[in-house]
Amino acid sequence: MMLDKTLPINRWQLKLLAILLVANSVYAVAWLGSYKYHNAVIELMINVLIIGIAFVVSTSRKLEERNNYKIIVIYFVWMLLQSFRGLLGCEMYMDYRQLVDGTVMLSLPILIFPFAYPVIVQYILRRWLFGGGLVFLFFILWNVGPNCLYLAPISLLACFFFDLPKKWKFAIGIILVVWLGAVMDRANLIRSLMMIFCALGVKYRQLVSDKMLRFAHHFFYVIPLFLLMLGFLGNFNLFQYLQEDNNGKHTKQVVKSDGSVQNVNIFGDTRTFIYREVFESSIKHDYVLWGRSPARGNDDYFFESLVSDGKGHALRPNERHVNEVGFLNVYTWIGLVGIILYSCIFFKASFLAVSRSHNVYMKFLGVFVAFRWALGWIEDINLFFIQSIILWMMIAMCMSDKFRNMDDSEFRMWFLKCLP
């Protein structure tokens, strides 16, 4: 594939980026599945190189659409200030290590710069679907982690399922059935249902008006804030309601790592205590506005307090650096100001896609991004792994004039060329 000389990236940088993303897929998900196949130093090197390439693109004179990126620049200024504040407050080895990890996770928005270009996204997806697919054959044998996370690029293809060739429909259809059958992975189940909704919406686009899409977009931004407000006021707690209303009705036997079998409630409330600990910690230590910095976590008394990372490095007692609820991590690290800036990036991208696109594909992708913002208040952990990377690829596409200015036929042609 010939690269346009006007692109803000060289061919070797693009090749390296594609290789690094496949490597990130394996290492990041291996961390969730098994430490046996995971090396934290190698993973950090991979992620820093990805960020480095994205930074080079962001500083290129050839970078276009700079006006769209002002909110990203403001976000990074705030994030880096909080990271520097965290550096000044580090007192032990694990503080420094957590500072690096937190800063890397908060750097995900920098991926918007390279992924705003159709040629770059097309190249990345083709290489990942080919190279990543081959690695996945070994990945299954290793059984090192959840395949729904490793196969995150499929989520983009699934949103436009009915435009796929038959062989791709068959492959991705099987993957969606597997994901829908994993009822214990509630977040991935919800994501999969939303992918199907988008795919059906694109196929039957004549039945979906722009007004309906704008309503769905706004709904996903309003409903989490409304539910949070009700939760704070003590009037209604969605998580507790689901558990009480379905207590004992929807359980599944799960085999734990020690071989024991446990009955788990699919609708069990695993979030209320996290919200309580995160917000009580921020009030207690007075970091509501600016955060505790990426070097620190929130006070935690629910999980067993560890005193070491297993390698001789002491941990702070009763403190948790990363939670399953992605946006609560952002709030803890860079405060209310940071979470507002972070959310503004989502909103600007999705709003542009829904309201300023010339093709229906980007309009539905904008709705999907808005949905992922809402899901970020339930789960969608913001680790620097392939699932988060693909999310920011979608956000970049929504923010890009190049993607939004395509008509339906142009986007469909570009999309089909993403398949190896």
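See the structure above.
Computed from a prediction, not measured in an experiment: that's the story for all the values here.

**Topic: the overall build of the protein**
Alright, step 1. Each helix and strand in the protein was counted, giving 18 helices and four strands.
Alright, step 2. Residues classed as buried in the protein amount to 52% of the 420 residues present.
Alright, step 3. Sequence-distant contacts in the protein: of pairs separated by 6 or more residues, those separated by 24 or more amount to 75%.
Alright, step 4. Carbon and sulfur atoms make up 65% of the accessible area of the protein, which amounts to about 19,900 Å² in all.

**What about unusual backbone geometry?**
Alright, step 1. Look at aspartate 286: it is not a glycine, yet its phi comes out positive at around 60°.
Alright, step 2. Tracing the backbone shows aspartate 286 in the loop between α13 (272-284) and β3 (298-299).
Alright, step 3. Its relative accessible area of 52% is what places aspartate 286 among the exposed residues.
Alright, step 4. Of note in this structure, aspartate 380 is not a glycine but carries a positive phi near 45°.
Alright, step 5. Note that aspartate 380 resides in the loop between α15 (360-375) and α16 (386-399).

**Considering the packing of helix α10 (residues 186-203) against α15**
Alright, step 1. Where α10 meets α15, the closest approach of the two axes is 10 Å, and the angle between their N-to-C directions is 160°. Classified by the angle between their axes, α10 and α15 sit roughly antiparallel to one another. The way α10 lies across α15 gives a crossing that is right-handed. Contacts from Ala187, Ile190, Arg191, Met194, Met195, Phe197, Cys198, Gly201 and Val202 in α10 reach Val360, Tyr361, Phe364, Val367, Phe368, Phe371, Arg372 and Leu375 in α15.
Alright, step 2. Taken together, the residues that form the contact of α10 with α15 break down as 14 nonpolar, one polar and two charged.

**Quick notes on the pattern of salt bridges**
Alright, step 1. On inspection of all chains with the given rule, the structure shows 14 salt bridges.
Alright, step 2. A salt bridge links arginine 292 to glutamate 319; the shortest N-O distance between them is 3.7 Å. Of the two residues, arginine 292 sits in the loop between α13 and β3 while glutamate 319 sits in strand β4 (residues 319-320), which places them 27 residues apart along the sequence. Glutamate 319 shares its class with arginine 292; the two are buried.

**Examining the side chain of arginine 296**
Alright, step 1. Secondary-structure assignment places arginine 296 in the loop between α13 and β3.
Alright, step 2. Ignoring anything within four residues of it in the chain, the contact list for arginine 296 reads Asp95, Gln98, Arg316, Glu319, His321, Thr332 and Trp333.

**Quick notes on the environment of aspartate 407**
Alright, step 1. If you trace the backbone, aspartate 407 turns up in the loop between α17 (401-404) and α18 (408-416).
Alright, step 2. Since its relative accessible area comes to 32%, aspartate 407 is described here as partly exposed.
Alright, step 3. Aside from chain neighbours lying at most four places away, what touches aspartate 407 is His358 and Asn359.
Alright, step 4. Reaching out from aspartate 407, the side chain makes a polar contact with the side chain of serine 409 at a distance of 2.9 Å.

**Quick look at helix α14 (residues 326-355)**
Alright, step 1. Spanning 30 residues, α14 covers only 27 Å between terminal C-alpha atoms, well under the ideal 44 Å at 1.5 Å per step.
Alright, step 2. Along α14, the largest kink reaches about 125° and is centred on isoleucine 334.
Alright, step 3. With respect to burial, α14 is a largely interior element, 22 of its 30 residues being buried.

**Examining the packing of helix α3 (residues 70-89) against helix α4 (residues 93-106)**
Alright, step 1. For the pair α3 and α4, interaxial distance at closest approach is 10 Å and the crossing angle is 175°. Here α3 lies roughly antiparallel to α4, going by the angle between them. Contact with α3, carried on its side by Tyr75, Phe76, Met79, Ser83, Gly86, Leu87 and Gly89, involves Asp95, Tyr96, Leu99, Thr103 and Leu106 of α4 and no other residues of that element.
Alright, step 2. Partitioned by chemical class, the residues of the contact of α3 with α4 number seven nonpolar, four polar and one charged.

So, how was this worked out
- The residue numbering used here restarts from 1 in each chain and proceeds along that chain's sequence as written.
- Local features are withheld for residues below a pLDDT of 70 in this predicted model, meaning they are given only at 70 or higher, and side-chain atom pairs are given and counted only at 80 or more; totals for whole chains, interfaces and linings count all residues.
- No hydrogens and no water enter the side-chain calculation; it runs on all heavy atoms of the structure.
- The way it works is that DSSP assigns letters per residue, a run of H or I at least four long becomes a helix, a run of E at least two long becomes a strand, and they are numbered from the N terminus.
- The buried label goes to any residue with under 20% of its type's maximum accessible area, the exposed label to any with over 50%, and the partly exposed label to all in between, with areas taken from a 1.4 Å probe on protein chains only.
- By definition in these notes, contact holds between two residues if any of their heavy atoms fall within 4.5 Å.
- Only the protein chains shown count as cover for residues, and all accessible areas are computed by the Shrake-Rupley method using a 1.4 Å probe.
- Angles run from 0 to 180 degrees between N-to-C directions of axes, and those axes are lines fitted to C-alpha atoms, restricted for helices to the stretch in contact.
- Here is the rule for angles: anything less than 35 degrees is roughly parallel, anything more than 145 is roughly antiparallel, 65 through 115 is roughly perpendicular, and the remaining ranges are oblique.
- We call a crossing left-handed when the near helix sits turned anticlockwise from the far one by less than a right angle, and right-handed when that turn is clockwise.
- For this scheme, ten residues count as nonpolar: Ala, Val, Leu, Ile, Met, Phe, Trp, Tyr, Cys and Pro. Four count as charged, namely Asp, Glu, Lys and Arg, and the remainder, Gly too, count as polar.
- In what follows, salt bridge is the name for a side-chain nitrogen of Lys or Arg lying within 4 Å of a carboxyl oxygen of Asp or Glu.
- Any N or O atom pair separated by 3.5 Å or less is treated as a polar contact, with the protein-specific requirement of one donor-capable and one acceptor-capable atom, and with residues adjacent in sequence counted only for side-chain atom pairs.
- Any helix carries an expected span of 1.5 Å times its number of residues minus one.
- Bend is the name given here to the angle between axes fitted to two runs of seven residues, the run ending at a residue and the run starting at it.

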